[in-house]
Amino acid sequence: MEVLPCARVAHIERTKKPYNNDIDYYAKRNALRAAEVWMDEYKSHVYMAWNIPMNNPGVDFGDVSERLALRKRLQCRSFRWYLEHVYPEMRVYNNTITYGEVRNSKASGYCLDQGAEDDDKAILYPCHGMSSQVRTKYVCADSGP
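From a predicted model like this one, the values you see are computed outputs, not experimental measurements.

J.: Help me understand the overall build of the protein chain, please; the structure alone is not making it clear to me.
T.: In terms of regular secondary structure, the protein chain is built from 4 helices and 4 strands. When the helices and strands of the protein chain are listed from N to C terminus, the series reads α-α-α-α-β-β-β-β. The buried share of the protein chain, reckoned over its 145 residues, is 18%. In the protein chain, of all internal contacts separated by at least 6 residues, the share reaching a separation of at least 24 is 53%. For the protein chain, the accessible surface area stands at approximately 11600 Å², while carbon and sulfur atoms represent 52% of it.

Pasting the structure below:
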């Protein structure tokens, strides 16, 4: 592994996984653990990315109190500091009211999706949970007088 001062994110992929084929649960668990320890008021971004409710997420991420104590003992900076100084171009969603799919109540299994790129019309499409079907409703910050 090489550490580069300008790098923001690194990921090492194993060729053989030490757990069963259902990696989804373990990936969610690890993502939530990292969010709970390191992301402070921005942890909702991880929950939204995985489409997991913050209240009763259905994933037991375990006790992170030791990790939080280590972070405090090492006097690590906040995630806000990281966003302001390292990754200021990251879009922040802290005023989110709701997040998820818009489902059609009369056509079970169909969601609002983006249409063809050339006409920008919304369409109904079988629900798949990918980004083209995920909508975010948030409160816009006041831009001034």
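J.: Please clarify how the packing of aromatic side chains should be interpreted in this entry.
T.: Tallied over the entire structure, the rule returns 3 aromatic pairs. Arranged with centres 5.8 Å apart and planes meeting at 55 degrees, the rings of Tyr 42 and Phe 79 form a pair that is tilted. Here Tyr 42 is found in the loop between helix 1 (23–38) and helix 2 (44–49), whereas its partner Phe 79 is found in helix 4 (residues 79–85), with 37 residues between them in sequence. Since its relative accessible area comes to 5%, Tyr 42 is described here as buried. The buried category is assigned to Phe 79, whose relative accessible area is 14%. Connected via pairs of aromatic rings, a cluster forms that spans Tyr 42, Phe 79 and Tyr 82.

Reading guide: rules and limits
Residues numbered from 1 in each chain as written. Predicted model: local features only at pLDDT ≥ 70, side-chain atom pairs only at ≥ 80, totals over all residues. Heavy atoms only, no water. Helix = DSSP H or I, 4+ residues; strand = E, 2+ residues; numbered from the N terminus. Buried < 20%, exposed > 50% of the residue type's maximum accessible area, 1.4 Å probe, protein only. Contact = heavy atoms within 4.5 Å. Areas by Shrake-Rupley, 256 points an atom, 1.4 Å probe, with all protein chains shown as cover. Phe/Tyr/Trp six-rings, centres within 6.5 Å; stacked < 30°, edge-to-face > 60°.

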